[in-house]
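Structure at a glance
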Amino acid sequence: MELQWPLILFTTLVAWAAGVFGAQGVLALRGAAKKSQQMLCVLSCVLLAASGIAVFFHLQHWERIFNGFGHLTSGITQELIAIVVFVIVAVAYFALARKSDDGGTVPKWMAVLAVAMGVVLAAVCAHSYMMAARPVWDCVLEVLSIVGAACILGPATCAIVMAVKGDVLDAVGLPALAGSVIGAVTSVAYAAFIQMSGSAFTQVGYYFDPTVPTKEMVDAAATAGGQAPLLWVGAVIVGAAVPLVCCVLARKKGDAAGWKLFGGVAVAAALVGAVCLRVAFYNMGMSVFMFY
């Protein structure tokens, strides 16, 4: 399947936006990042808006986009609902933070709602790609890989903003470390699944060239093997291991300079890893639609 760069950027930016909003909710529950809460809220909405701009480049006739919102079971409909609810919650979060005496305190229920919306947005947008006719896509690990990317990108971004704004950084170390571990585990799991997915097509069956009945239309095993550099160098080493190491080093150093440096590297590496994983995802997006 050819690469869909607008959708690769869309899913990556959505994960980033969801991660930032969810992470700031975690920090709010710990009474932290009060100087940064408003900026983080704005940043998550800006990232979400950027994802919306990216996805429009996927459409040849963007004016017909509303034709796709015809049924609640449609993936694009579910994405739209999740995005609209996310924006409403983010606006309410910002208003409550701004209204507070210190400009950064929100009620516990709102902080919990922010965490929940971060997870829901990432999961819903990832779930819309699951379909039985594409064996590599039809796996819960695909959903978890997007949630995992949010877990890496969100806390590390929050740490950078907190360092810039002069917030106390003690509370962000554990969320950043935990998020990088979750992101690493989900990335490795889905990378391994993609790498081994060539066998899925022989189990399901694949259609053959009608003019050459003994030749399959795609060599699934060879295509899966060709993803190794993207998966193990890009997604795992750069996208999972590097952010994990950076978060460990930043937490150990503990100061603003450390989080600016190592947090920035973690975010950059996580973005590269997320893109590499989605490129492999599209490369392996071969369909067995004739069997469904």
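Residues numbered from 1 in each chain as written. Predicted model: local features only at pLDDT ≥ 70, side-chain atom pairs only at ≥ 80, totals over all residues. Heavy atoms only, no water.

**Details of the pattern of salt bridges**
This is how it is decided: Criterion for a salt bridge: a side-chain nitrogen of Lys or Arg within 4 Å of a carboxyl oxygen of Asp or Glu. Each helix is a run of DSSP H or I of at least 4 residues and each strand a run of E of at least 2, with the numbering of both proceeding from the N terminus. Burial classes follow relative accessibility: with a 1.4 Å probe on protein chains only, a residue under 20% of its type's maximum area counts as buried, one over 50% as exposed, and anything between as partly exposed.
A complete count under the given rule lists three salt bridges for this structure. For Glu142, the salt bridge is made with Arg278, and the minimal N-O distance between the two is 3.1 Å. Placement of Glu142 in helix α5 (residues 140–165) and of Arg278 in helix α10 (residues 256–283) is noted, with a sequence separation of 136 residues between them. For Arg278, a relative accessible area of 3% translates into the label buried. Between Lys253 and Asp255 there is a salt bridge whose closest N-O contact spans 3.0 Å. Judged by relative accessible area, which is 31%, Asp255 ranks as partly exposed.

**Regarding the layout of surface pockets**
Rules: For each structure, a 1 Å grid was placed over the protein atoms alone; sets of points admitting a 1.4 Å probe that cannot get out are labelled cavities, open sets with protein on both sides within 12 Å along at least five of seven lines are labelled pockets, and lining residues have an atom within 4 Å of a point. Grid points are joined across faces, edges and corners, and a volume is the space filled by probe spheres set on the points. Nonpolar residues are Ala, Val, Leu, Ile, Met, Phe, Trp, Tyr, Cys and Pro. Charged residues are Asp, Glu, Lys and Arg, and all others, Gly as well, are polar.
A volume near 260 Å³ is recorded for the second largest pocket. Lining the second largest pocket are 17 residues; nearest its centre among them are Gly22, Ala23, Val26, Cys151 and Pro155. Elements that contribute at least two residues to the lining of the second largest pocket include exactly α1 (5–29), α4 (108–127), α5 and α6 (173–195). By residue number, the principal contributor to the lining of the second largest pocket is α1, which donates five residues. Class assignment of the residues belonging to the lining of the second largest pocket gives a composition of 13 nonpolar, four polar and no charged.

**A closer look at empty space enclosed by the protein**
Scanning the entire structure with this criterion turns up one cavity of 30 Å³ or more. Empty space within the largest cavity amounts to approximately 120 Å³. Lining the largest cavity are 15 residues, and of these Ser145, Ala149, Gly273, Ala274 and Leu277 lie nearest its centre. Of all elements in the fold, only α1, α5, α9 (228–253) and α10 reach the threshold of two or more residues within the lining of the largest cavity.

**Observations concerning α1**
Keep this limit in mind: The span you would expect from a helix comes to 1.5 Å times its residue count less one.
Helix length check: α1, at 25 residues, gives a terminal C-alpha distance of 36 Å against a target of 36 Å (1.5 Å per residue), a fit within 8%. Phi turns positive one or two residues past the end of α1, at Gly31, with a value near 70 degrees.

**Quick look at the environment of Phe57**
With respect to the element layout, Phe57 can be found in the loop between α2 (37–56) and α3 (75–99). For Phe57 and Leu7, which are 50 residues apart along the polypeptide, the C-alpha to C-alpha distance reads 8.7 Å.

**A look at the side chain of Gln37**
Condition: Pairing of N or O atoms within 3.5 Å defines a polar contact, subject to two protein rules: one partner must be a possible hydrogen donor and the other a possible acceptor, and residues neighboring in sequence count only if both atoms are side-chain atoms. Contacts: residue pairs with any heavy atoms within 4.5 Å of one another.
Within the fold, Gln37 resides in helix α2. By relative accessible area, Gln37 is classed as buried at 0%. At 2.6 Å, the side chain of Gln37 forms a polar contact with the side chain of Tyr93. Excluding residues that lie within four positions of it along the chain, Gln37 makes contacts with Gln24, Leu27, Ala28, Ala32, Tyr93 and Gly104.

**Quick notes on the packing of aromatic side chains**
What counts, and what does not: Think of it this way: a Phe, Tyr or Trp ring, Trp meaning its six-membered ring, pairs with another when their centres are within 6.5 Å, and the plane angle makes it stacked under 30 degrees, edge-to-face over 60, tilted otherwise.
As enumerated under the stated definition, the model contains eight aromatic pairs in all. Arranged with centres 6.1 Å apart and planes meeting at 70 degrees, the rings of Tyr129 and Trp137 form a pair that is edge-to-face. Their ring planes at 85 degrees and their centres at 5.5 Å tell us that Trp137 and Tyr282 sit as a pair that is edge-to-face. Within this pair, whereas Trp137 is found in the loop between α4 and α5, its partner Tyr282 is found in helix α10, the two being separated by 145 residues in sequence. For the pair formed by Trp137 and Tyr282, the shared burial category is buried.

This is a description of form; function is not addressed.
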